[in-house]
Amino acid sequence: MHKPLVSVISVNYNQAAVTCEMVSSLRKVTYPNIEVIVVDNASPSDDPGIIKELYPEVKLIRSAVNLGFAGGNNMGIAQAQGEYLLFLNNDTEVAPDFLEPLVALFERDSRAGIASPKIIYYGTDRMIQYAGSKGINPWTGRSITIGQFEQDNGQHDVSTPTVLADGAAMMVPMRIIKEVGLMPELYFLYYEELDWCEMIKRAGYTCHYVASSVIYHKESVSVGKASVLKTYYMNRNRLLFIRRNIRGLALWTSMLIFLLAAIPKKALGFSLRMEGKHLKALARGLWWNLTARHIQDNRFPSRSKTAEPELALP
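Criteria and cut-off values
Residues numbered from 1 in each chain as written. Predicted model: local features only at pLDDT ≥ 70, side-chain atom pairs only at ≥ 80, totals over all residues. Heavy atoms only, no water. Axes fitted to C-alpha atoms, helices over the stretch in contact; angles between N-to-C directions. Helix = DSSP H or I, 4+ residues; strand = E, 2+ residues; numbered from the N terminus. Parallel < 35°, antiparallel > 145°, perpendicular 65-115°, else oblique. Contact = heavy atoms within 4.5 Å. Nonpolar A, V, L, I, M, F, W, Y, C, P; charged D, E, K, R; others polar. Expected span 1.5 Å × (residues − 1). Buried < 20%, exposed > 50% of the residue type's maximum accessible area, 1.4 Å probe, protein only. Arc of directions from axis to C-beta. Pairing = 2+ DSSP bridges. Phe/Tyr/Trp six-rings, centres within 6.5 Å; stacked < 30°, edge-to-face > 60°. Lys NZ or Arg CZ within 6 Å of the ring centre and 35° of its normal. Patch = residues over 30% accessible without salt bridge, like charges linked within 9 Å, V, L, I, M, F, W, Y side chains within 5 Å. Areas by Shrake-Rupley, 256 points an atom, 1.4 Å probe, with all protein chains shown as cover. Salt bridge = Lys/Arg side-chain N within 4 Å of Asp/Glu carboxyl O.

**Some words on the packing of helix α8 (residues 248–272) against helix α9 (residues 276–291)**
Working step 1: At a minimum axis separation of 9 Å, α8 and α9 run at an interaxial angle of 155°. Taken together, α8 and α9 sit at an angle that is classed as roughly antiparallel. In this structure, α8 uses L259, I263, K266, A267, F270 and S271 to contact α9, whose residues at the interface are H278, L279, L282 and L286.
Working step 2: Among the residues forming the contact of α8 with α9, the class breakdown is seven nonpolar, two polar and one charged.

As structure tokens, this is what we get:
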């Protein structure tokens with residue numbers, strides 16, 4: 001039986017030990033034909049060489065600069081040989097049989113363009129992070145995720161077309177990437193995978209949630225204090241996503257809701273907590289959108305430096 005090669009691509013940034021745990025779980029998969037590509041995004045203080053030392057089968061690519069999430073994945077795409085590419089966060093571990101259902105979807109449906117598995121919060125009593133998506137909430141600019149924070153009791157065990165994939169784990173055929181284009185790099189952090197999903201759908205392909213494929217994500221389920229960098233990119237990119245992917249009256253409605261409701265609420269919260277750096281990052285994100293041009297062009301950005309280095313945390 002034909003078992004097409006799957007290229008698993010993951011981006012590492014200063015988390016070599018965590019990435020090694022992901023690769024260790026990939027060694028246990030039952031699908032017989034995979035290659036593992038790890039792109040190190042110029043880790044400043046953590047040598048990624050240990051990944052190759054412990055797991056010599058890994059194709060380790062070292063970027064000279066931090067290219068962001070999309071740029072790092074795109075560097076991996078350039079080296080991938082697989083018919084199908086699985087983009088996997090480095091802070092995940094996988095069920096041994098997670099690849100077969102994903103590959104089966106694409107093998108039987110030529111219009112399937114992108115798919116994500118069921119995602120469970122690692123270390124919990126099967127608390128769901130993702131079981132499909134309802135799309136973007138126009139009031140907040142946030143993705144509306146099906147099943148999030150529910151205990152997995154089988155209520156989301158039916159695979160189905162869905163609105164958006166999840167960037168923690170998503171599979172795309174190489175032929176579709178060659179047709180649609182690479183992941184848009186102008187986002188740098190956050191929303192790039194959602195935008196890419198919309199690009200794939202506009203090309204006539206479908207997005208899917210595959211319930212019988214399961215991975216475990218180590219992202220914290222608690223709400224901690226957000227970094228200034230996250231405040232900047234999350235809010236900058238929510239507005240950017242709206243501008244790039246919504247048309248007509250809905251575009252203006254969504255922008256007004258975001259600018260007149262969501263942003264003032266955030267600004268008030270930062271002001272009351274006297275979080276001046278976050279307030280400044282919020283303003284800078286809005287200013288970026290006011291001054292950015294040619295936002296539909298995916299040939300971004302210059303790779304001579306990282307984006308917005310002055311916002312990086314010390």
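Still more to cover.
**So, α9**
Working step 1: Over its 16 residues, α9 extends 22 Å from the first C-alpha to the last, a length consistent with the 22 Å expected when each residue adds 1.5 Å.
Working step 2: The complete set of buried residues in α9 reads H278, A281, L282, G285, W288 and N289. Buried residues of α9, seen end-on, are gathered within an arc of 120° and therefore sit on one face of the element. What points out from α9, more than 90 degrees from its buried face, is the exposed set K280, W287 and L290.
Working step 3: Summarising the contacts, the buried residues of α9 are in contact with α7 (228–245) and α8.

**Focus: the pairing of strand β11 (residues 169–173)**
Working step 1: Taken across its five residues, β11 has five buried, putting it largely inside the fold.
Working step 2: As defined by bridge partners, strand β4 (residues 84–88) adjoins β11 across five bridges and the pair is classed as antiparallel. In the strand pairing of β11, Y84 is matched with P173.

**As for the packing of aromatic side chains**
Working step 1: In total, this model carries seven aromatic pairs according to the counting rule given.
Working step 2: Aromatic pair Y121 and F149: ring centres 5.8 Å apart, planes at 5°, arrangement stacked. With a gap of 28 residues between them, Y121 in strand β6 (residues 112–121) and F149 in the loop between β9 (143–145) and β10 (160–161) connect regions that are remote in the sequence.
Working step 3: Connected via pairs of aromatic rings, a cluster forms that spans F188, Y232 and Y233.
Working step 4: Sitting over the face of the ring of Y122, K218 holds its NZ or CZ atom 5.0 Å from the ring centroid.

**So, the packing of helix α6 (residues 192–202) against α7**
Working step 1: Here α6 crosses α7 at 10°, and the two axes come no closer than 10 Å. Compared by their axis directions, α6 and α7 come out roughly parallel. Seen from α6, the contacting residues are L194, D195, E198, M199 and R202; seen from α7, they are F241, R244 and N245.
Working step 2: Residue composition of the contact of α6 with α7, grouped by class: three nonpolar, one polar and four charged.

**Points about the environment of D40**
Working step 1: With respect to the element layout, D40 can be found in strand β2 (residues 34–40).
Working step 2: Not counting chain neighbours up to four residues away, the residues in contact with D40 comprise N12, P48, I61, R62 and S63.

**Looking at a nonpolar patch on the surface**
Working step 1: On the surface, a cluster of nonpolar side chains totalling about 290 Å² of accessible area is made up of L256, L259 and L260.
Working step 2: Tracing the chain through its elements places L260 in helix α8.
Working step 3: Taking relative accessible area as the criterion, L260 reaches 64% and is therefore assigned exposed.

**Section: the pairing of β6**
Working step 1: With ten of ten residues buried, β6 lies mostly within the body of the structure.
Working step 2: Here β6 runs beside strand β12 (residues 206–217); their pairing, made up of nine bridges, is parallel. Bridged to S116 within β12 is Y209.
Working step 3: Inspection of the sheet shows β6 paired to strand β7 (residues 128–130) by two bridges, in the antiparallel sense. Note on β7: the bridge partner recorded for I119 is Y130.
Working step 4: The turn linking β6 back onto β7 is made up of six residues, and G123 within it adopts a positive phi angle of 80°.

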